[in-house]
Amino acid sequence: MGEDVVAPYLWDRGFRSLDVVVLSHAHEDHSGGLASLIAAFHPREVWTGFTPNGPEWRAVRDKAVAVGARIMPIRAPSQFAFGGTAIEVLAPAPDYVPLDEPKNNDSLVLRVTFGQRSFLLTGDVERGIEQEMAFTNELRPSDVLKVAHHGSRTAVRKSF
Ligand SMILES: [Zn+2]
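Model, not experiment: these values are computed from the prediction.

Undergrad: Tell me about a nonpolar patch on the surface, and please be specific about residues and values.
TA: Judged by side-chain polarity, M1, V5 and V6 come together as a nonpolar surface patch covering roughly 280 Å² of accessible area. Of note, M1 is situated in the segment before α1 (2–12).

Spelled out as structure tokens, the structure:
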């Protein structure tokens, strides 16, 4: 998918390099195409949620190391400016304990604001994490919601 779809799309739009790529979590449907994108676009940084060791993560990690990208696990709560955007990190929470296998709730959740627009990127977090975020004052309205876990029944409460 990275090599056949995403990379040609980015080339077609005139992108020749990327500053950062973000991996929500280490499931294959999120990480599978990333190694080829890293090889093609040589990002300086790879931002991640939790990434328990497994073949999918090792492929991404090894490619990042090969191109000299810095791997940066990112944790909530934090806020920082990047390239004209304001980034709020909403998950994983400080008390989240990952398991040995990759899980949906390992996901990095970012709220990205650019100008007057904001985007909530939820990875595959499940209802419990959505609820935690909804009950903190940190979660503010967003213009665009990338629904969690592909809109499946494990996520996306109506109230969220
Ligand atoms: Zn997924």
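Now that the structure is up, let's keep going.
Undergrad: Outline the coordination of the zinc ion, listing residues and values.
TA: In an ideal octahedron of six donors the angles at the metal are 90 or 180 degrees, and in an ideal tetrahedron of four donors they are 109.5 degrees. Taken together, D29 (OD), H30 (NE2), D124 (OD) and H150 (NE2) make up the protein donors of the zinc ion, found 2.0 to 2.2 Å from the metal. Note that the zinc ion binds four donor atoms; their angles at the metal cover 84 to 152°, and the shape is irregular. When the donors of the zinc ion are listed by position in the chain, the intervening gaps give D-H-x93-D-x25-H. One end of the pair, H30, is in helix α2 (residues 28–31); the other, D124, is in the loop between β7 (117–121) and α5 (127–135), with 94 residues separating them in the sequence.

Undergrad: Please set out the nonpolar core residue by residue, giving values where relevant.
TA: V21, L34, I38, F41 and V46 are the most contacted members of the largest nonpolar core, which totals 15 residues. With four residues, helix α3 (residues 34–41) is the largest single contributor of residues to this core. Setting aside residues up to four positions removed in sequence, F41 forms contacts with A7, L10, W11, F15, R16, S17 and L18.

Undergrad: Just give me the short version of the packing of aromatic side chains, but keep the residues and values in it.
TA: Two numbers describe a pair of aromatic rings. These are the distance of the centres and the angle of the planes. Overall, the coordinates contain four aromatic pairs when judged by the stated rule. Ring centres of W47 and F80 lie 5.3 Å apart, and the angle between their planes is 80°; this geometry places the pair in the edge-to-face category. Note that W47 is positioned in strand β2 (residues 45–48) and F80 in strand β4 (residues 78–82), a separation of 33 residues in sequence. Taking relative accessible area as the criterion, F80 reaches 25% and is therefore assigned partly exposed. What links up through ring pairs into an aromatic cluster is the set W47, F80 and F82.

Definitions and limits used
- Residues numbered from 1 in each chain as written.
- Predicted model: local features only at pLDDT ≥ 70, side-chain atom pairs only at ≥ 80, totals over all residues.
- Heavy atoms only, no water.
- Patch = residues over 30% accessible without salt bridge, like charges linked within 9 Å, V, L, I, M, F, W, Y side chains within 5 Å.
- Areas by Shrake-Rupley, 256 points an atom, 1.4 Å probe, with all protein chains shown as cover.
- Salt bridge = Lys/Arg side-chain N within 4 Å of Asp/Glu carboxyl O.
- Helix = DSSP H or I, 4+ residues; strand = E, 2+ residues; numbered from the N terminus.
- Donors = N, O, S within 2.8 Å, 3.2 Å for Na, K, Ca; no water.
- Tetrahedral: all angles 85-135°; square planar, octahedral: opposite > 155°, others 65-115°.
- Core = buried A, V, L, I, M, F, W, Y, C linked by side-chain atoms within 4.5 Å.
- Buried < 20%, exposed > 50% of the residue type's maximum accessible area, 1.4 Å probe, protein only.
- Contact = heavy atoms within 4.5 Å.
- Phe/Tyr/Trp six-rings, centres within 6.5 Å; stacked < 30°, edge-to-face > 60°.

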